[in-house]
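# Architecture and fold: a report
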Amino acid sequence: MKLFISILITALLSFVAGIFMPWWTIAPAALVVAICIHQSPFRSWLTGFLALFLLWGGLALGIDAGNQHILSTKLAEIFQLGGSSFLLILVTALVGGLVAGFGALTGCYIRKRPAGE
């Protein structure tokens, strides 16, 4: 249950932060959630990764479908992905997931740090 709640809160906080601030605010958003909701390091990383993988993947897919895959196909050619819009969306989701996952892992380790340090 904590895993699902963490994923939901991380995705929501990252979405709202992304509206008003730069893209990299997903890492501090995941960090804050990982500090507030105590989980093991792997579960914290997984929470951040899944939340942003699903969020960015879904947003990219929605934008891509809205313009009939025209822009993503051209960008996939530039990035040498064989013109595959699906691969471009997958790479986008992976980047977001990794950034948030490591932000959440950092938050988990900050919480575990002894009080004297």
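We now turn to the structure provided with this report. Source: prediction; values computed, not measured. (Residues numbered from 1 in each chain as written. Predicted model: local features only at pLDDT ≥ 70, side-chain atom pairs only at ≥ 80, totals over all residues. Heavy atoms only, no water.)

## Some remarks on the state of the cysteines
Note on terminology: disulfide describes a covalent bond linking the sulfur atoms of two cysteines. Worth spelling out the cut-off: A pair of cysteine sulfur atoms is labelled a disulfide when the two atoms are within 2.5 Å. Here the term buried applies to any residue with accessible area under 20% of the maximum for its type, exposed to any over 50%, and partly exposed to those in between, with areas from a 1.4 Å probe on protein chains only.
A full pass over the atoms with the stated rule returns 0 disulfides. In this structure Cys36 is not part of a disulfide, and its nearest cysteine sulfur, from Cys108, lies 13 Å away. Overall, Cys108 belongs to the buried group, its relative accessible area being 1%.

## A look at unusual backbone geometry
What counts here: A helix here means a DSSP run of H or I that spans at least four residues, while a strand means a run of E at least two residues long, and both kinds are numbered starting from the N terminus.
Unlike most non-glycine residues, His69 shows phi in positive territory, near 65°. Here His69 is to be found in the loop between α3 (41-66) and α4 (70-78). Assessed through its relative accessible area of 37%, His69 is described here as partly exposed.

## Re the packing of α3 against helix α5 (residues 85-112)
As a reminder, the rule being used: Helix axes are fitted to C-alpha atoms over the stretch in contact, other axes to C-alpha atoms as well, and angles between N-to-C directions run from 0 to 180 degrees. Note on terminology: angles under 35 degrees are roughly parallel, angles over 145 are roughly antiparallel, angles of 65 to 115 are roughly perpendicular, and the others are oblique. What makes a crossing left-handed is the near helix being turned counterclockwise from the far one by less than a right angle; a clockwise turn instead makes it right-handed.
One way to put it is that α3 packs onto α5 with a least axis distance of 6 Å and a crossing angle of 150°. The angle between the axes of α3 and α5 places the two elements in the roughly antiparallel class. Relative to α5, the crossing made by α3 is right-handed.

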